[in-house]
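Architecture and fold: a report
Spelled out, the chains give:
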There are 2 protein chains.
Amino acid sequence: MIPHPSPAQFSLRSQWAKDQAISFLMQQAVENRDVLSLAAGLVDEKSLPVFECRTALTSLFHDDSLARQALQYGTTAGADALRVQLRLNLARLEHCSADELNIDQSQMILTTGSQQLLSLVADVLLDPGDICLVAAPTYFVFLGVLSGIGARAIAIETDEHGLNPQALDTALARLDQAGERSRVKLIYVVSDYENPSGVSLATPRRCEIVAIARKWSRPAHPLFVLEDAAYRELRYDGADRPSVWSFDESRETVILAQTFSKSFAPGVRIGMGILPKSLVEPICNLKGNDDFGSANLNQHLLALVMSAGDYEPHVCEVRDSYRRKRDTMLAALDLAFSGFPEVRWLRPEGGLYVWVALPKQIDTGFSGPLFQLATKKHHVMYVPGELCYPSGAGSVPTNQMRLCFGVQDAAGITEGVRRLAAAVIECLLA
Amino acid sequence: MIPHPSPAQFSLRSQWAKDQAISFLMQQAVENRDVLSLAAGLVDEKSLPVFECRTALTSLFHDDSLARQALQYGTTAGADALRVQLRLNLARLEHCSADELNIDQSQMILTTGSQQLLSLVADVLLDPGDICLVAAPTYFVFLGVLSGIGARAIAIETDEHGLNPQALDTALARLDQAGERSRVKLIYVVSDYENPSGVSLATPRRCEIVAIARKWSRPAHPLFVLEDAAYRELRYDGADRPSVWSFDESRETVILAQTFSKSFAPGVRIGMGILPKSLVEPICNLKGNDDFGSANLNQHLLALVMSAGDYEPHVCEVRDSYRRKRDTMLAALDLAFSGFPEVRWLRPEGGLYVWVALPKQIDTGFSGPLFQLATKKHHVMYVPGELCYPSGAGSVPTNQMRLCFGVQDAAGITEGVRRLAAAVIECLLA
């Protein structure tokens, strides 16, 4: 079950981490610098919080003692000043008081983006050959993390309401029968406006998934849920759903990951995790070895932005800006594919992505004709959908693509979709 | 050879990372908040670059386009703006031109402190059971990294000129005979003013260690040297030595790690590695999974400080401040132990530490009488020397201690040493 790399000079981990889709994608971006990218998951340049950061930094460096504190080492778990603010922010998102969150501050850990938290959680729970259950499609960078530690990702049937709890339960029963229950350590869900599908997990399913995880959990072999709420604050319309984490009244089963790269600024590189108590020490131990703490200065910066009340208004602006961009992309798709009802996409209520399904005969992969045509002739790039499925997942659809409306401005989005449609139609009519 | 943890709920890595000395030490610091700490390896609060950072950040946020660039995602390897400056800084340290460094910019990677680089290098090279050769004593946090991935640290005889090349060669020959040469992946050296011993590796030994590594290296089983130059810029007197890395003309054997936590500010959390070409892709792949890039904002900040010419003068100030503190500690030790010639220490020419050897009968360990007496009665704390030796290293001296003159001011250092001497003398006379 553990991948057997060919003999090589470096560690097994080094070999498992090779040939990630993301590397190839970035390579494509470098080699095709003249393309209009609907692939990159960067954020909107114009809505970055220059004003908010300038204000906070001015105030930070105006206070000599606070500045010295921010420039000194922090702790592995992160600055208390920010943890206090993030707790308030989480309470706001959960529509409850900070006390009602029912967590100790020690259960909150600050990381270098939420990516580091995802990576630490995987590292603490999964040995080579262990299993993480994921939606299909799901966030392909996390699939890279899993394969990078030699773990197995198993795809669970997913529809327009997210990961299917019945299918999850069935998969666990099947794994149990196969004697593999003890290898299943984690269920990974991107609960809101999933990257790449744009789908949100329906509220009843959130509750069911927690119940299923608890049902299959054993004291010696706990089963955790990792909820990646990266896009939670980027809600443009539709329901304001409680987190999966909120349904875990025990606070023992769900790990909640949040990032401030999308809602604030990726360059500040702050992520956060809310951990079950049993995971606090193991995660801090690993982070201690990895870097013994993310940048303290940045944590003080975000704490000041939040305590000044500048964070929430900024998120509102960001949301408005992305909502318009989403609408622009949806309108462009409507226009471009009006004569092609077999090209379909989901209307996301938030996040940064539109997931497009083409007719089955069109292969969107790197080596397929569409990707070549799109990048080389029409100068536009997308993320091939197949990257977002675990490898060896059986029949992976090869006719899907992820489009991001985060980076380009309205004109870029419209033009990008026009170019993409030209490439798709050329393929369709070929 | 691989540690066999008791059955547990989490991954092997999670178990290997448990019970690190640093955790216990930090716990002691928390439990003994009223002690005067000569243990913590933090930096001098007064010499933190508040002015330099304020100036650079003002200029960064004055330029809207640059500010947006700094707040956006960076790359996994780090911001080019800073890599250009660090290359110039390295050339200055090596007394050559940037071209004469004979490296591509792609061989430089920016990390979250140099700790992340040390951790990535260990992860790329060492599988569980693999071997890293280290000086004895050496940096105990790196020993934690090694045990955290299940690797074996083997101590090499070390004297007041650093790691002994003859002993290194003998150890490699012995391992070769035992059929273990292929498990030896790395030699770790803190070349300047080693943490904890204060010892610098003599220049001829630097050259010899590179030659020995190359002699024992095989194409299928390369042997690398990881040079941790954390304290290089904190030179107070004595020789200005070329790096170990500079003797590796092939640029294929030595990995050079540098941190800007000591010379600039830990809260900015920037480290750097110069990698052999063969390691660039593997290290970037792992870092891609871990966090896909350290904080971009911080890299732009340090780049601006450096390009404004504010870095070098700051390092001079820091150096002057620490030189005075070192002298204060040495004078305090002279005074406190004037009647006890059996208490000995090395005079470091740089860095942050003085390494003290007590008479053999005094056990400096956490559970020994001195540590208890020092923390509980005399309210002073040090780092027990035995933490700085690999476990299972055979006869580990238990009568040594590491004192740090980084954090306390002159009065604190003098008082700390006075208290420590009172505790030691109480033990000696008991």
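Residues numbered from 1 in each chain as written. Chains lettered and ligands numbered in written order. Predicted model: local features only at pLDDT ≥ 70, side-chain atom pairs only at ≥ 80, totals over all residues.

**Things to note about the overall build of chain A**
To keep things clear, this is the line we draw: Only DSSP runs of H or I reaching four residues or more are called helices, and only runs of E reaching two or more are called strands; each is numbered from the N terminus. To get the radius of gyration, use the C-alpha atoms; to get the globule rule, take the number of residues to the power 0.38 and multiply by 2.2 Å. For every residue, the other C-beta atoms within 10 Å of its own C-beta are counted; 20 or more classify it as buried, 12 or fewer as exposed, and values in between as partly exposed. C-beta atoms are placed from the backbone.
Per the secondary structure count, chain A includes 14 helices and 15 strands. Its C-alpha atoms give chain A a radius of gyration of 22 Å, within 12% of the compact-globule value 22 Å for 430 residues. Judged by the C-alpha coordinates and their principal axes, chain A covers about 65 × 55 × 50 Å. Taking all 430 residues of chain A together, the buried fraction comes to 56%.

**Considerations on the packing of helix H3 (residues 50-62) of chain B against helix H11 (residues 296-307) of chain B**
Between two packed helices, what matters for the description is the angle formed by their axes and the separation of those axes. Residues and elements named next belong to chain B. The line we're drawing: Lines are fitted to the C-alpha atoms to define the axes, a helix being fitted only along its stretch in contact, and any angle between axes, read from their N-to-C directions, falls within 0 to 180 degrees. Should an angle lie under 35 degrees it is considered roughly parallel, over 145 roughly antiparallel, and from 65 to 115 roughly perpendicular; all remaining angles are considered oblique. A pair of residues counts as a contact when their C-beta atoms, built from backbone coordinates, are within 7 Å of each other. Under the scheme applied here, ten amino acids are nonpolar (Ala, Val, Leu, Ile, Met, Phe, Trp, Tyr, Cys and Pro), four are charged (Asp, Glu, Lys and Arg), and all others, including Gly, are polar.
At a minimum axis separation of 9 Å, H3 and H11 run at an interaxial angle of 105 degrees. If you check the angle between H3 and H11, you find them roughly perpendicular. In this structure, H3 uses Glu-52, Cys-53, Ala-56, Leu-57, Ser-59 and Leu-60 to contact H11, whose residues at the interface are His-300, Leu-301, Leu-304 and Val-305. Considering only residue class, the contact of H3 with H11 consists of seven nonpolar, two polar and one charged.

**Here we look at the sheet that holds strand E14 (residues 383-384) of chain B**
Residues and elements named next belong to chain B. Filter applied, for reference: Two strands form a pair only when DSSP identifies at least two bridges running between them.
Across the sheet, which stays open at both edges, the four strands sit in the order E11-E12-E15-E14 with antiparallel pairing between neighbours. If you trace the sheet from one side to the other, it starts and ends with strand E11 (344-345) and E14, each paired once. Pairing geometry for strand E12 (residues 353-357) and strand E15 (residues 400-404), over five bridges, is antiparallel. Residue pairing for E15: Ala-357 is matched across the bridge by Gln-400.

**Topic: the interface of chain B and chain A**
Every contact between the two is made by 63 residues of chain B and, on the other side, 62 residues of chain A. For the side of chain B that touches chain A, the secondary structure elements donating two or more residues are helix H1 (12-16), helix H2 (21-31), H3, helix H4 (64-71), helix H6 (113-125), helix H7 (140-148), helix H10 (277-290) and H11 of chain B. Of the residues contributing to the side of chain B that touches chain A, the split by class is 30 nonpolar, 22 polar and 11 charged.

**Observations concerning the domain arrangement of chain A**
Residue and element names in this part refer to chain A. Selection criterion: In this document the domain limits rely on a domain assignment from an automatic tool or a database.
Taken domain by domain, chain A consists of domain 1 (12-48 + 313-429) and domain 2 (72-309). Taking only C-alpha atoms, the centre of domain 1 and the centre of domain 2 are 25 Å apart. Facing the 34 residues of domain 1 at the interface are 36 residues of domain 2. Those elements giving two or more residues to the side of domain 1 that touches domain 2 turn out to be helix H1 (12-16), helix H2 (21-31), helix H12 (311-336) and strand E12 (353-357). A breakdown of the residues in the side of domain 1 that touches domain 2 according to their chemical character gives 22 nonpolar, six polar and six charged.

**So, the relation of the copies chain B and chain A**
Two copies of the chain are present, and they differ by a rotation about an axis and a shift along that axis. Worth spelling out the cut-off: Residues below a pLDDT of 70 in either copy are left out; the C-alpha atoms of the rest, at least 70 in both, set the least-squares superposition of the copies.
Rotating chain B by 180 degrees and translating it 0.0 Å along the rotation axis places it on chain A, where the RMSD comes to 0.0 Å. The operation mapping one copy onto its partner corresponds to a two-fold rotation axis. Most of the interface of chain B is mirrored in chain A, where 98% of its interface residues are also at the interface.

**Here's the deal with the pairing of strand E9 (residues 254-259) of chain A**
All names here are of chain A. Summarising burial for E9: six of the six residues are buried, a large majority. Relative to E9, strand E8 (residues 224-228) is paired through four bridges, and the arrangement is parallel. Paired with Glu-227 across the bridge in E9 is Leu-256. Pairing geometry for E9 and strand E10 (residues 270-274), over four bridges, is antiparallel. In the sheet register, Thr-259 faces E10, and the bridge partner there is Gly-271.

**A word on the sheet that holds strand E7 (residues 184-190) of chain B**
All names here are of chain B. Strand order across the open sheet formed by seven strands is E2-E10-E9-E8-E7-E3-E4, with mixed pairing between neighbours. Each edge of the open sheet is held by one strand with a lone partner, namely strand E2 (108-112) and strand E4 (152-156). Between one strand axis and the next, the sheet turns by 25 degrees as a mean value, whatever way the strands run. Against the sheet, helix H5 (residues 80-94) engages E2 and strand E10 (270-274), with an angle of about 110 degrees to E2. Sheet strands in contact with helix H8 (residues 165-177) are strand E3 (131-135), E4 and E7, and its direction is about 135 degrees off that of E4.

**Some points on the environment of A:Asp127**
With respect to the helices and strands, A:Asp127 occurs in the loop between helix H6 (113-125) and strand E3 (131-135). For the pair A:Asp127 and A:Leu48, spaced 79 residues apart in sequence, the C-alpha to C-alpha distance is 39 Å. Once residues within four sequence positions are removed from consideration, A:Asp127 is found in contact with B:Ser11 and B:Leu12.

**Quick word on unusual backbone geometry**
A cis amide bond, omega 20 degrees, links A:Asn195 with the succeeding residue A:Pro196. Following B:Ala136, the chain continues into B:Pro137 via a peptide bond in cis, with omega recorded as 5 degrees. Positive phi, close to 55 degrees, is recorded for B:His95, a residue that is not glycine. By secondary structure assignment, the location of B:His95 is in the loop between H5 and E2. C-beta crowding within 10 Å serves as the criterion here: with 10 such atoms nearby, B:His95 is assigned to the exposed category. Located in the positive-phi region is B:Arg251, a residue other than glycine, with phi close to 60 degrees. Among the secondary structure elements, B:Arg251 is positioned in the loop between strand E8 (224-228) and strand E9 (254-259). Assessed through the 17 C-beta atoms surrounding it within 10 Å, B:Arg251 is described here as partly exposed.

**As for helix H4 (residues 64-71) of chain A**
What counts here: Throughout, the arc means that of the directions going from the helix axis to the C-beta atoms.
All of the buried residues in H4(A) are A:Ala67, A:Ala70 and A:Leu71. Angularly, the buried residues of H4(A) cover 95 degrees about the axis, an arc narrow enough to put them on a single face. Of the surrounding secondary structure, the elements contacted by the buried residues of H4(A) are helix H3 (50-62) and helix H11 (296-307) of chain A together with H3 of chain B.

**Regarding the packing of helix H13 (residues 369-377) of chain B against helix H14 (residues 410-429) of chain B**
All names here are of chain B. Selection criterion: The hand of a helix crossing depends on one turn: near helix anticlockwise from the far one by less than a right angle means left-handed, and clockwise means right-handed.
One way to put it is that H13 packs onto H14 with a least axis distance of 9 Å and a crossing angle of 140 degrees. Overall, the two elements H13 and H14 adopt an arrangement that is oblique. Crossing angle aside, the handedness with which H13 passes H14 is right-handed. In this structure, H13 uses Pro-369, Leu-370, Leu-373 and Ala-374 to contact H14, whose residues at the interface are Leu-420, Ala-423, Val-424, Glu-426 and Cys-427. Class assignment of the residues belonging to the contact of H13 with H14 gives a composition of eight nonpolar, no polar and one charged.

**Examining the confidence of the model for chain A**
Residues and elements named next belong to chain A. Going by this rule: Values of pLDDT, which run from 0 to 100, indicate the predictor's confidence residue by residue.
On average, residues of chain A score 94 in pLDDT, and 98% of them reach the 70 mark or higher. Here residues 1-7 is a poorly scored stretch, pLDDT under 50, and it has 10 contacts once near neighbours within four places are set aside; other chains count. Predicted as a complex, the structure gets a pTM of 0.96 and an ipTM equal to 0.95.

**With respect to the environment of B:Leu346**
All names here are of chain B. On the secondary structure map, Leu-346 appears in the loop between E11 and E12. For the pair formed by Leu-346 and Arg-181, sequence separation is 165 residues and the distance between their alpha carbons is 34 Å. Residues in contact with Leu-346, not counting those within four places in the same chain, are Glu-160, Ser-197, Gly-198, Val-199 and Trp-355.

**Structural notes on the pairing of E3(B)**
All names here are of chain B. Put simply, the test is: We call a crossover right-handed when, viewed with both strands directed away from the observer, the connection leading from the first strand over the helix to the second proceeds clockwise.
Across the five residues that make up E3, a large majority, five, are buried. Of the two faces of E3, the one carrying Ile-131, Leu-133 and Ala-135 and the one carrying Cys-132 and Val-134 are both buried. Of the strand pairs in this sheet, E3 and E4 are connected by five bridges, and their pairing is parallel. When the bridges of E4 are listed, Ala-135 appears paired with Ile-156. Assessed by its sense of winding, the connection that carries the chain from E3 through H7 to E4 is right-handed. Here E3 pairs with E7 via four bridges, running parallel. Looking at the pairing, Val-134 lines up with Tyr-188 of E7.

**Considerations on H11(B)**
Each turn of an α-helix holds 3.6 residues, which means side chains three or four residues apart point in the same direction. Residues and elements named next belong to chain B. Put simply, the test is: To estimate how far a helix should extend, the number of its residues minus one is multiplied by 1.5 Å.
Between its first and last C-alpha atoms H11 spans 16 Å; for 12 residues at 1.5 Å apiece the expected length is 16 Å, and the two agree. The element H11 is largely enclosed, with a buried count of 11 among its 12 residues. Buried residues of H11: Asn-296, Leu-297, Asn-298, Gln-299, His-300, Leu-301, Leu-302, Ala-303, Leu-304, Val-305 and Met-306, and no others.

**Describing the environment of B:Glu194**
Residues and elements named next belong to chain B. Note on placement: Glu-194 falls in the loop between E7 and helix H9 (203-216). As a C-alpha pair, Glu-194 and Leu-428 span 234 residues in sequence and 28 Å in three-dimensional space. What Glu-194 contacts, discounting residues up to four positions off in sequence, is Ala-135, Thr-138 and Val-199.

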